[in-house]
Amino acid sequence: MSVKAKSPNVTIGGKSYKKSTILADVNIPYKFSIDRNNNILFFCINADEFSDQSFQSVELNLYSGCAKIVPSIRNGFASAVDQTNGIVYLGGSDGVYKYDYQTHDIRKPAIIKGIDVFDMFYKDCLYFVDTTNLDLFSLKNGQKSIVSTVEEYGVHHCAVDGNDNLIVANPSGLFYLPKGSKSPERIGNNVGNIRGITTDAKGEPYLIAQDGIYSIDCIDNQIKNILTLDNGYGLAFDKNNMIVYGDERCVAKLVPWDAND
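So, a few notes on the structure that sits alongside this text. In this text, all values refer to a predicted model and were calculated from it rather than measured experimentally.

## Looking at the pairing of strand 13 (residues 126-130)
Line of reasoning, step 1. Across the 5 residues that make up strand 13, a large majority, 5, are buried.
Line of reasoning, step 2. Alternating positions in strand 13 separate into two faces, Leu126, Phe128 and Asp130 on one and Tyr127 and Val129 on the other, with burial throughout.
Line of reasoning, step 3. Note that strand 12 (residues 117-122) and strand 13 share 5 bridges and pair antiparallel. Note on strand 13: the bridge partner recorded for Met120 is Phe128.
Line of reasoning, step 4. The turn joining strand 12 and strand 13, which pair antiparallel and follow one another in sequence, is formed by 3 residues; a positive phi near 70° is taken by Asp124.
Line of reasoning, step 5. In terms of strand pairing, strand 13 meets strand 14 (residues 135-140) through 5 bridges, oriented antiparallel. By the bridge assignment for strand 14, Tyr127 is matched with Ser138.
Line of reasoning, step 6. Where strand 13 hands over to strand 14, the hairpin turn is made up of 4 residues, of which Leu134 adopts a positive phi near 55°.

## A look at the layout of surface pockets
Line of reasoning, step 1. In this model, the largest pocket occupies a volume close to 560 Å³.
Line of reasoning, step 2. Lining the largest pocket are 39 residues, with Val81, Gln83, Phe121, Tyr122 and Thr199 sitting closest to its centre.
Line of reasoning, step 3. Considering only enclosed or pocket space, the second largest pocket measures out at about 300 Å³ in volume.
Line of reasoning, step 4. Among the residues forming the lining of the second largest pocket, the class breakdown is 6 nonpolar, 3 polar and 4 charged.

## Section: the environment of Thr84
Line of reasoning, step 1. Its location among the elements puts Thr84 in the loop between strand 8 (78-82) and strand 9 (87-91).
Line of reasoning, step 2. A C-alpha to C-alpha distance of 29 Å links Thr84 and Lys19, two positions 65 residues apart in sequence.

## Thoughts on the environment of Pro256
Line of reasoning, step 1. Here Pro256 is to be found in strand 26 (residues 250-256).
Line of reasoning, step 2. Once the C-alpha coordinates of Pro256 and Phe137 are considered, the two residues, 119 residues apart in sequence, prove to be 38 Å apart.

## Regarding the packing of aromatic side chains
Line of reasoning, step 1. Scanning the model with the defined rule gives 12 aromatic pairs in all.
Line of reasoning, step 2. Between Tyr99 and Tyr101, the aromatic rings sit 5.2 Å apart at their centres with planes inclined by 90°, giving edge-to-face as the arrangement.
Line of reasoning, step 3. Overall, the relative accessible area of 4% leaves Tyr99 in the buried class.
Line of reasoning, step 4. You can call Tyr101 partly exposed: its relative accessible area is 24%.

Rules used in this analysis
Residues numbered from 1 in each chain as written. Predicted model: local features only at pLDDT ≥ 70, side-chain atom pairs only at ≥ 80, totals over all residues. Heavy atoms only, no water. Buried < 20%, exposed > 50% of the residue type's maximum accessible area, 1.4 Å probe, protein only. Helix = DSSP H or I, 4+ residues; strand = E, 2+ residues; numbered from the N terminus. Pairing = 2+ DSSP bridges. 1 Å grid on protein atoms, 1.4 Å probe; cavity = no way out; pocket = protein on both sides within 12 Å on 5 of 7 lines; lining within 4 Å. Points joined across faces, edges and corners; volume = space filled by probe spheres on them. Nonpolar A, V, L, I, M, F, W, Y, C, P; charged D, E, K, R; others polar. Phe/Tyr/Trp six-rings, centres within 6.5 Å; stacked < 30°, edge-to-face > 60°.

The following block contains the structure:
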């Protein structure tokens, strides 16, 4: 059930919003991606002490607030969505799988086997990070290839914006690789504890860090804080381009504020 939380209004881009809690009492919701065709959020949580896993993948309906654990993926952690074809990819300790809405579970066998996946993003092809070496790979037409231009960067998070710029983050900062370039460039000043990079419904890039949500301007080489958080983890934009984010204990959405509410 969706429960609206009473909280101070925030202003982003001259517009006022309020926080609406979609799912409460969640154990560190992290690594967000949204299937905008169905308005379904995929993310991971820390498994409880009685589980034989460290993480679990979750499917959350943003309309109803109904959440389900994806049962058959071991240590489900990362996710990515092909918005054009409606294909959802989930990554865990054993590889990358396609998600099946009919069974609410993964399809087997894995499309990539024997790899522990740390992060994923889809833009024209699937990008994924191997936890072991923090190398970034792409998967296109069934062919796996390392993204050699960032091979030495130890990638933690990645995204590709609407202009086909590759954006990556590691503990030393944020970098982007313009389309056709072979040399990444640092973006802005350092932001500590980056926990994810994504794009909105228009392809504009954003990141979430421990202390808040930031917009990324690759042209002017700037990072701008748009929302301060105490402990941010996951970030995505829904089908209406509304911000959906996670902190330590909940999944929330920023909805337009009406003074008459």
